[in-house]
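# Fold and geometry: a report
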Amino acid sequence: MAKKETIAILDFGSQYSQLIARRVRELGVYCRILPHDSSPADLEADGTLHGIVLSGGPGSVYDGAGPRCDEAIFQMNLPILGVCYGMQIGCQHLGGKVSAAPLREYGGTILKREKSHDLLEGLDDSFEVWMSHGDQVAELTGDFEVLASSDNCPLAAVRHRQSEFYGIQFHPEVSHTPQGMEILQNFLFRICRCKGGWEMGRFIEDTVAALKSEIGDSGVVLGLSGGVDSSVAALLLAKAIGSQLHAIFVDNGLIRTGEREEVEEAFRDRFSLQFHLVDARDRFLTELAGVTDPEKKRKTIGRVFIEIFEDEAKKLPGIEFLAQGTLYPDVIESTSPLGGPSATIKSHHNVGGLPDVLNLRLIEPLKDLFKDEVRKIARELGLPPAIVERHPFPGPGLAVRVIGDVTEERLRILRDADFIVTEEVRAAGVYNDIWQAFAVLLPVSTVGVMGDQRTYENVVALRAVESEDGMTADWARLPYPLLAKLSNRIINEVRGVNRVVYDISSKPPSTIEWE
């Protein structure tokens with residue numbers, strides 16, 4: 001199998017590293033985010049490396065505490081694009097000086113082109129960019145030339161004449177840099193000489209071949225939830241190894257109304273997989289009794305899932321692998337990205353909840369993909385719209401939407417409210433226009449009046465967001481009549497609720513899920 005052309009993105013802790021990856025993939029070039037200190041061998045391990053991007057980051061290169069890269073990457077004779085902090089790292093290595101900027105820049109800035117070059121080909125003489133920095137390159141050696149400047153940043157875009165290092169102090173990956181995609185496109189195709197053409201069909205072909213090679217004659221158990229992620233993982237594995245795959249659906253008591261029946265019908269009957277149903281409702285609720293800390297919840301659920309998969313694997317012949325539908329955002333939020341310096345946001349049960357010792361070898365065929373990319377693969381594989389377009393549902397299920405104690409009664413309240421949310425959002429014709437819509441049960445009781453009686457009952461929060469990939473999100477402006485109907489139905493139909501509120505926070509600073 002021919003190796004695919006690859007761009008390596010070294011992560012120095014920027015909130016935008018994942019956005020760089022998305023933009024590169026949108027331009028038809030495969031890329032991976034790697035730790036900032038990866039060696040040349042690490043960078044070349046997955047494909048034919050055509051170039052390197054050094055991300056931004058919150059550190060300062062001159063104080064000795066900021067993350068560093070392996071300086072051997074500058075000897076690889078490959079184009080390197082340094083973005084913000086990445087520019088400062090590269091310029092300092094090549095003899096420049098970095099210091100605190102006289103004026104910090106956060107927001108839109110107009111750059112003036114100082115010299116024509118392939119990196120800025122097609123841009124106007126003056127063009128708008130998005131700045132987000134407190135440090136900047138202050139001095140350069142004569143081996144550099146300046147490509148663009150601003151009033152506050154004289155060295156806003158530079159090129160090193162003797163190497164293929166390019167530095168830009170702004171962020172081309174964000175939408176606030178209107179011609180940012182053109183700059184990235186120039187770097188990929190004019191400077192790195194990429195051909196492009198990476199697409200989902202190629203991913204399917206390459207992944208199936210890689211799975212066949214890795215698994216051989218061994219057996220695989222797959223944690224199947226019925227969502228698009230695990231469904232796509234199941235079909236990719238089925239194409240690769242056929243009957244060696246055993247799909248295990250665990251009813252943990254934390255799923256939504258009718259979900260168990262829907263998954264069993266689809267995968268036992270429609271797709272004819274070797275389907276196994278495990279009823280573990282009592283086991284999960286026992287383990288979660290009294291657990292209120294969100295991280296402990298996620299890790300507890302992850303541990304019990306793994307224990308069940310390992311128990312089931314022992315009942316089947318030749319099982320050596322556990323497969324999961326883990327996605328890139330799961331990896332990013334559950335860990336400091338691939339060893340990078342940014343913070344853990346929350347543990348996902350299928351990443352941060354894994355035990356230190358796993359008795360099965362792990363396979364995650366989707367771990368480098370974003371949700372919208374997985375949906376494209378799902379369509380390529382012929383999955384029905386009901387699965388492809390299904391809103392994301394957290395691996396820990398309703399446990400992380402019941403804030404506080406997870407009990408049968410609190411799950412009943414949330415399940416009933418969530419069913420109404422899905423039903424009404426579909427009826428209003430907006431289900432496919434938003435990323436997610438769901439209910440959250442708060443650990444709060446409020447006073448209400450029903451009939452002539454005083455009540456003191458639960459509060460349900462509604463959450464609906466718009467997003468492309470789950471990495472960032474904005475709250476959905478649902479029509480007022482829809483919100484009114486949701487509130488009315490939940491309060492009237494769900495026993496134990498007397499108040500409904502609507503969450504109008506975006507990600508960041510909030511996350512999509514409450515826990």
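Residues numbered from 1 in each chain as written. Predicted model: local features only at pLDDT ≥ 70, side-chain atom pairs only at ≥ 80, totals over all residues. Heavy atoms only, no water.

## Remarks on the confidence of the model for the protein chain
Per-residue confidence for the protein chain averages 88 on the pLDDT scale, and 93% of its residues sit at or above 70. Here residues 334-353 scores under 50 on pLDDT; set against residues more than four positions off or in separate chains, the count is 70 contacts. (pLDDT = per-residue confidence, 0-100. Contact = heavy atoms within 4.5 Å.)

## Description of a negative patch on the surface
A cluster of like negative charges, contributed by Glu261, Glu262, Glu265 and Asp269, occupies part of the molecular surface. Tracing the chain through its elements places Glu265 in helix α7 (residues 259-270). (Patch = residues over 30% accessible without salt bridge, like charges linked within 9 Å, V, L, I, M, F, W, Y side chains within 5 Å. Areas by Shrake-Rupley, 256 points an atom, 1.4 Å probe, with all protein chains shown as cover. Salt bridge = Lys/Arg side-chain N within 4 Å of Asp/Glu carboxyl O. Lys, Arg positive; Asp, Glu negative; His and termini not counted. Charge placed at Lys NZ, Arg CZ, Asp CG, Glu CD. Helix = DSSP H or I, 4+ residues; strand = E, 2+ residues; numbered from the N terminus.)

## Comments concerning the sheet that holds strand β12 (residues 274-279)
Ordered by their spatial adjacency, five strands build an open sheet running β12-β11-β10-β13-β14, and the pairing between neighbours is parallel. Two strands lie at the open edges of the sheet, namely β12 and β14 (361-363), each paired on one side alone. Looking at each pair of strands side by side, their axes are set apart by 30° on average, direction ignored. The sheet contact formed by strand β10 (residues 219-223) and strand β13 (residues 319-323) spans four bridges and is parallel. Paired with Leu222 across the strands is Ala323, a residue of β13. Running at roughly 165° to β10, helix α6 (residues 228-241) makes contact with β10, β11 (245-251) and β13 of the sheet. Most of the contacts of helix α9 (residues 294-314) go to β11, to which it runs at about 135°, and overall it touches β10, β11, β12 and β13. (Pairing = 2+ DSSP bridges. Axes fitted to C-alpha atoms, helices over the stretch in contact; angles between N-to-C directions.)

## Section: empty space enclosed by the protein
Applying the stated criterion across every chain, the model contains two cavities of 30 Å³ or more. Each pocket or cavity is described by its volume, and for the second largest cavity that value is around 40 Å³. Around the second largest cavity sit Val421, Val425, Ala437, Phe438, Leu462, Arg463, Ala464, Leu478, Leu483, Leu486 and Tyr502, which together line it. Contributions of two or more residues to the lining of the second largest cavity are made by α13 (408-427), β15 (436-450), β16 (453-466) and α14 (480-493). At three residues, β16 tops the list of elements feeding residues into the lining of the second largest cavity. Considered class by class, the residues forming the lining of the second largest cavity number ten nonpolar, no polar and one charged. (1 Å grid on protein atoms, 1.4 Å probe; cavity = no way out; pocket = protein on both sides within 12 Å on 5 of 7 lines; lining within 4 Å. Points joined across faces, edges and corners; volume = space filled by probe spheres on them. Nonpolar A, V, L, I, M, F, W, Y, C, P; charged D, E, K, R; others polar.)

## Side note on the environment of Asp229
One can find Asp229 in helix α6. Separated by 161 residues in sequence, Asp229 and Arg390 place their C-alpha atoms 10 Å apart.

## Some details on the pattern of salt bridges
What the rule picks out here adds up to 32 salt bridges. One salt bridge connects Glu287 with Arg303, and the closest N-O pair in it is separated by 2.9 Å. Taken as a pair, Glu287 in helix α8 (residues 281-288) and Arg303 in helix α9 lie far apart in primary sequence, 16 residues in all. What makes Arg303 partly exposed here is its relative accessible area of 31%. Measuring nitrogen to oxygen at the nearest pair gives 3.5 Å for the salt bridge that ties Arg412 to Asp416. Of this pair, Arg412 and Asp416 both sit in helix α13, separated by four residues, roughly a single helical turn. Within the structure, one salt-bridge network assembled from shared partners comprises Arg283, Glu287, Arg303, Glu307 and Asp311. (Buried < 20%, exposed > 50% of the residue type's maximum accessible area, 1.4 Å probe, protein only.)

## Quick word on the pairing of strand β8 (residues 157-160)
Note: strand β7 (residues 144-149) against β8, four bridges, orientation antiparallel. Among the inter-strand pairings, Ala148 is bridged to a residue of β8, identified as Ala157. One ladder, built from three bridges, connects β8 with strand β9 (residues 165-168); its direction is antiparallel. The partner of Arg159 across the bridge, within β9, is Tyr166. The turn joining β8 and β9, which pair antiparallel and follow one another in sequence, is formed by four residues.

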